Amino acid sequence: MRTRPDSSLAALLRSRPDLLNPVPGDLTLLATRAGTRASVVRALERLDRFSLQAAEALAVAPDPAPYETLLHLMTGDEGDPATAAALPDAVHTLREQALVWGGDDRLRLVRTVRELLAPSATHPSPTGLGPTVAEATAGMSPTRLQEILTAIGIPTTHDPVSAVRALTALFTDRSRMDGLLDTAPSDALTVLDRLVWGPPYGEVSSDPAPPVRWLRDHGLLLPTSARTVVLPREAALHLRAGRAHRTTEPAPPQLAPAATHAPKMVDLTAAGQAFSALSTVEELLKDWDKGGPAVLRSGGLSVRDLKRTATARDLTEPTTAFWLELSYAAGLLASDGQADERYAPTPAYDEWLDLPPQDRWSRLAAAWLRATRTSGLVGGQDAKGRTLSVLGPDLDRSSAPEVRRRVLTLLAALPEGTAPDPDAVLTRLRWERPQRGTTGELRARLALWTLDEAELLGVTGRGALSAHGRALAGLDGDPEHPKSPAPTEADAEAATAALRAAALLAPLIPEPLDHVLLQADLTAVAPGPLQRPLAEALSVLADIESRGGATVYRFTPGSVRRALDSGQTASDLHAFLAAHSRTPVPQPLSYLIDDVARRHGHLRVGAASSYVRCDDDAVLGEILADKRSAGLGLRRLAPTVLASRAEPAALLDGLRSMGFAPAAESAAGDVLITRADAHRTPPRTAPVPVPEGPPVPDETLLSAALHAIRAGDMAANAARKPTAPESPRSHNSLPRTSSAETLATVQAAAMTGSALWIGYVNADGAASQRVIAPVRVEGGFVTAYDHTADEVKTYPLHRITGVAELADDPA
């Protein structure tokens, strides 16, 4: 570490930011932390396949190993120009990641890396190689070793160590090994073929077959237990022609295109999907204007409510879960926090509705790009076997934003209009991050979900990345080398990218229309998206019958009554339709409006508990005679007034179900206008994405951290004058001096301007070593220039455990 320049250390801290949490005091602490298991595992997970193959090859090589040995393990006897050309970069990557150290003549894996990658009986190596001859014969009796040497024609030795050395020399000598294999039965060679590329272990019976017995007698299979044998590493490498891996992958696999489209067609298709996305989100949240489904006790939406919402919007349940999660991630949807907790739109939803379509889309797409919540997990189970619900806990996956951006980067690297094969995308991602187990499976699923979600959202069109999608992800510059802004610049970069994406999308979104086409069958056809005031007014006056390229609205007595309840009059409705229809208003529609308006408000309902009054006593008599009114508890108070035990709302619903059109009235006798009051949550902030480990440090933090590490290393390794012989101590231990000696030494250093090495314990009890140059000593405090912190500080003398003079003043 100490031989590295600052640029190399900065690259290490940038690629492994966990090493900075907290900032290590010196290079010794940095090196120690870089060798811990958790940090090494994280670093290995970020290696590409070829760099990981190089590390795996070093793990089965002697320690230390020259570069030529590693090259031979990677290329074999026959050689591989592509692998040989790529290997120096792989070794450089391992060095920069602090996973390998030493020169080319003595390459060493960090001990923790070797423990993770070296083969063992419980942890097989990805290379398929087994233990060495020395490791496999560690528990073998000396007599058995001598019997193996005799069987293969090697003179016996006087001790096991020399016997193992002689057997190893045979297996690593190509010509002698070929001679031994020439004497092997053909069936024995077949057995070796099964074990050569791994796994190298096999089970045998107490009376093995002749081929297995011959291999065991000649040391080509060594026993690891009473019923298990293993092919030694040296013998396997000979059979493999020296290769540690069956195949090496020095270059990333190319993306295979599945289809090619005209870029303009891709952009138009993506724009259509983007507009549909806005409509879907708006309709989903409008359904919850009066309060959505209840929140489960454990959090989230119930399966029944998810199915009901999906059916109402004619969507699949996974698609509905995606839109709900996206709305939540964008801050448009949340729980209201009431006693009877329910989901509802937030005040930010109303602000979002007022934005232009392109800005609404960019806000949704930007939220999707950075969100860690993953709707694809809905319906699965957590670690405790509980079903994961939409909008519920445990849906965050910190790797989701990185996978989304990487998938979009791969799409951006293709020619415009080219849609890749999804399997080719997965193959490329597996090369870049060859993670195994559940982590690798999750990344593959995230990549497939990203492709589907990008198409739904309009980031891609027909599988190819659109121009506005490219701008949103910040890939409209150099997709091969996208910028990685510092965290302090990330928000500004994202805002700028969103503006560019919105500007590119705006010309592709159709202009909203100000008219509909009325038809004689009591329907209205909107041939495209409508202006918001027109759409809102029409949704009150009519019911949406079908959606698609054109939206069909149907007028019914109930929908007309709904418009009258909102304060409109029949003349208002006639004028509205005449103003916004490109076709004449059909006569049946005019009759329907007049007929409902004539009966609307003829009955009046108020609070008695409730009452009904009507100028026509015959109508009230008709209501009393109707058997369906029995549950309302009606009785006549006067010729034109009926009283009821039911609440006004229940009485209104009951009379409407009987075919009447009553209107509610106030205590003053005025008709109450019922407008759709939207239920909103209190102001809510969008959920914060869960970071994947510590954030990448910016240049300011890196510079400060490097300065602190270098200064701390200087303090820890500064040369000091020897102390008295009667109180020896190690070079790195904290000095111990009496209070009087400490004061005298510090005062003398302040007078001479020399530097001191001190031990200091802060208010939290943390001990540290520092190099200071005292300036002033008074009042029980010493003011000094701290070389470790590169600033002037004041230290209480009682917290200085001891002092020592430096052999050479660093100042």
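Rules used in this analysis
- Residues numbered from 1 in each chain as written.
- Predicted model: local features only at pLDDT ≥ 70, side-chain atom pairs only at ≥ 80, totals over all residues.
- Heavy atoms only, no water.
- Helix = DSSP H or I, 4+ residues; strand = E, 2+ residues; numbered from the N terminus.
- Rg over C-alpha atoms; globule rule 2.2 N^0.38 Å.
- Contact = heavy atoms within 4.5 Å.
- Pairing = 2+ DSSP bridges.
- Axes fitted to C-alpha atoms, helices over the stretch in contact; angles between N-to-C directions.
- Phe/Tyr/Trp six-rings, centres within 6.5 Å; stacked < 30°, edge-to-face > 60°.
- Buried < 20%, exposed > 50% of the residue type's maximum accessible area, 1.4 Å probe, protein only.
- Lys NZ or Arg CZ within 6 Å of the ring centre and 35° of its normal.
- Salt bridge = Lys/Arg side-chain N within 4 Å of Asp/Glu carboxyl O.
- Arc of directions from axis to C-beta.
- Core = buried A, V, L, I, M, F, W, Y, C linked by side-chain atoms within 4.5 Å.
- Left-handed = near helix turned anticlockwise from the far one by under 90°.
- Nonpolar A, V, L, I, M, F, W, Y, C, P; charged D, E, K, R; others polar.
- Polar contact = N/O pair within 3.5 Å; in protein donor to acceptor, adjacent residues only side chain to side chain.
- pLDDT = per-residue confidence, 0-100.
- Parallel < 35°, antiparallel > 145°, perpendicular 65-115°, else oblique.

## Examining the overall build of the protein chain
And step 1. Each helix and strand in the protein chain was counted, giving 32 helices and 25 strands.
And step 2. Its C-alpha radius of gyration of 39 Å places the protein chain more than 25% over the 28 Å reference for a compact globule of 811 residues.
And step 3. In terms of overall dimensions, the protein chain has C-alpha extents of about 125 × 90 × 55 Å along its principal axes.
And step 4. The long-range share in the protein chain, meaning contacts at least 24 apart out of those at least 6 apart in sequence, stands at 65%.

## Side note on the sheet that holds strand β15 (residues 551-554)
And step 1. Spatially, four strands are ordered β12-β13-β15-β14 in an open sheet, and the strand pairing comes out antiparallel. Among the strands making up the open sheet, the edge pair consists of β12 (517-519) and β14 (543-546). Ignoring which end each strand starts from, the neighbouring axes of this sheet average 30 degrees apart.
And step 2. In this sheet, β15 lies alongside strand β13 (residues 523-526) in antiparallel orientation, the contact comprising four bridges. Paired with Val-525 across the two strands is Val-552, which belongs to β15.

## Some words on the packing of aromatic side chains
And step 1. Here the structure, examined in full by the defined rule, presents four aromatic pairs.
And step 2. Ring geometry for Phe-322 versus Trp-323: centroids 4.9 Å apart, planes at 55 degrees, classification tilted.
And step 3. Residue classification places Trp-323 among the buried residues on the basis of a relative accessible area of 3%.
And step 4. Residues Tyr-760 and Tyr-795 carry aromatic rings whose centres are separated by 4.9 Å and whose planes lie at 70 degrees to one another, so their mutual orientation is edge-to-face. One end of the pair, Tyr-760, is in strand β21 (residues 756-761); the other, Tyr-795, is in strand β24 (residues 791-796), with 35 residues separating them in the sequence. No difference in accessibility class separates Tyr-760 from Tyr-795, as the two residues are buried.
And step 5. Sitting above the plane of the Trp-352 ring, Arg-360 keeps its charged end 5.4 Å from the centroid.

## Quick word on the pattern of salt bridges
And step 1. For the coordinates displayed, the defined rule picks out 35 salt bridges.
And step 2. Asp-340 is the salt-bridge partner of Arg-342, the closest N and O atoms lying 3.4 Å from each other.
And step 3. On the basis of relative accessible area, Arg-342 is assigned to the partly exposed category, the value being 31%.
And step 4. Across the pair Asp-382 and Arg-386 runs a salt bridge whose closest N-O atoms are separated by 3.0 Å.
And step 5. Classification of Asp-382 by relative accessible area gives buried; the value is 17%.
And step 6. A single salt-bridge network, built from bridges that share partners, covers Asp-63, Arg-108 and Arg-114.

## Let's talk about unusual backbone geometry
And step 1. With an omega of 0 degrees, the peptide bond between Asp-63 and Pro-64 qualifies as cis.
And step 2. Along the chain, Pro-64 turns up in the loop between α4 (49-59) and α5 (67-75).
And step 3. At the junction of Gly-198 and Pro-199, the peptide bond is cis and its omega measures out at -5 degrees in the coordinates.
And step 4. If you trace the backbone, Pro-199 turns up in the loop between α12 (186-195) and β3 (201-203).
And step 5. The backbone phi angle of Ala-98 is positive, close to 60 degrees, even though this residue is not glycine.
And step 6. By the secondary structure assignment, Ala-98 is in the loop between α6 (81-96) and β1 (100-101).
And step 7. Residue Ala-98 is classed as buried on the basis of its relative accessible area of 11%.

## Structural notes on the sheet that holds β3
And step 1. Across the sheet, which stays open at both edges, the three strands sit in the order β3-β5-β4 with antiparallel pairing between neighbours. Each edge of the open sheet carries a strand with a single partner, namely β3 and β4 (222-223).

## What to know about helix α25 (residues 532-541)
And step 1. Turning to α25, its buried residues are Leu-534, Leu-538 and Leu-541. Seen along its axis, α25 keeps its buried residues to an arc of 60 degrees; they face one direction.
And step 2. Here the buried face of α25 lies against β15, α26 (557-565) and α27 (570-580).

## Points about the environment of Leu-756
And step 1. Relative to the assigned elements, Leu-756 resides in strand β21.
And step 2. Spatially, the C-alpha atoms of Leu-756 and Leu-475 are 54 Å apart, while their sequence positions differ by 281 residues.

## Section: the nonpolar core
And step 1. Among the nonpolar cores identified, the biggest contains 69 residues, and Leu-44, Leu-87, Phe-171 and Leu-220 are the most heavily contacted of them.
And step 2. Per-element tally for this core: the top contributor is α4, with seven residues.
And step 3. Not counting residues within four places of it along the chain, the set of residues in contact with Leu-220 comprises Phe-171, Met-177, Leu-180, Leu-181, Leu-192, Trp-214, Leu-215, Val-230, Leu-231, Pro-232 and Ala-235.
And step 4. By size, the runner-up hydrophobic cluster in this structure holds 66 residues, among which are Trp-352, Ala-412, Val-459 and Leu-472.

## Some words on the packing of α4 against α5
And step 1. The geometry of α4 relative to α5 is characterised by a closest axis approach of 10 Å and an angle of 115 degrees between their N-to-C directions. Crossing handedness for the pair α4 and α5: right-handed. Within the contact between the two elements, α4 uses Phe-50, Gln-53, Ala-54, Ala-57 and Leu-58 and α5 uses Leu-70, Leu-73 and Met-74.
And step 2. In terms of residue class, the contact of α4 with α5 is made up of seven nonpolar, one polar and no charged.

## Quick look at α4
And step 1. Taking burial as the measure, the 11 residues of α4 include 10 buried ones, the bulk of the element.
And step 2. The opening residue of α4 is Asp-48, an N-cap whose side-chain oxygen sits 3.1 Å from the backbone nitrogen of Phe-50.

## Brief notes about the confidence of the model for the protein chain
And step 1. Per-residue confidence for the protein chain averages 86 on the pLDDT scale, and 93% of its residues sit at or above 70.
And step 2. Low pLDDT (under 50) marks residues 481-488, which in the prediction has nine contacts with non-local residues, meaning those over four places away or in another chain.
And step 3. Throughout residues 724-731 the model reports pLDDT below 50, and contacts reaching past four residues in sequence, or to other chains, amount to 10 contacts.

## Notes on the side chain of Asp-305
And step 1. By the secondary structure assignment, Asp-305 is in helix α16 (residues 303-312).
And step 2. Leaving out residues up to four positions away in the same chain, Asp-305 has contacts with Pro-293 and Ala-294.

## Regarding the packing of helix α15 (residues 263-286) against helix α17 (residues 317-329)
And step 1. One way to put it is that α15 packs onto α17 with a least axis distance of 10 Å and a crossing angle of 85 degrees. Considering the angle they form, α15 stands roughly perpendicular to α17. Residue-level contacts link Ala-277, Thr-280, Val-281, Leu-284 and Leu-285 of α15 to Trp-323, Leu-324 and Ser-327 of α17.
And step 2. When grouped by side-chain class, the residues that make up the contact of α15 with α17 number six nonpolar, two polar and no charged.

## Let's talk about the pairing of strand β19 (residues 641-644)
And step 1. Of the strand pairs in this sheet, strand β17 (residues 610-613) and β19 are connected by four bridges, and their pairing is antiparallel. What sits directly across from Tyr-611, in β19, is Ala-643.
And step 2. Here strand β18 (residues 634-638) pairs with β19 via four bridges, running antiparallel. Residue pairing in the sheet places Leu-634 in a bridge with Ser-644 of β19.

## Focus: the pairing of β15
And step 1. Relative to β15, β14 runs antiparallel, the two sharing three bridges. When the bridges of β15 are listed, Ile-544 appears paired with Tyr-553.

## Points about the environment of Ala-412
And step 1. Secondary-structure assignment places Ala-412 in helix α20 (residues 400-413).
And step 2. Taking relative accessible area as the criterion, Ala-412 reaches 3% and is therefore assigned buried.
And step 3. Sequence-wise, Ala-412 and Arg-470 are 58 residues apart; in three dimensions their C-alpha atoms are separated by 6.6 Å.

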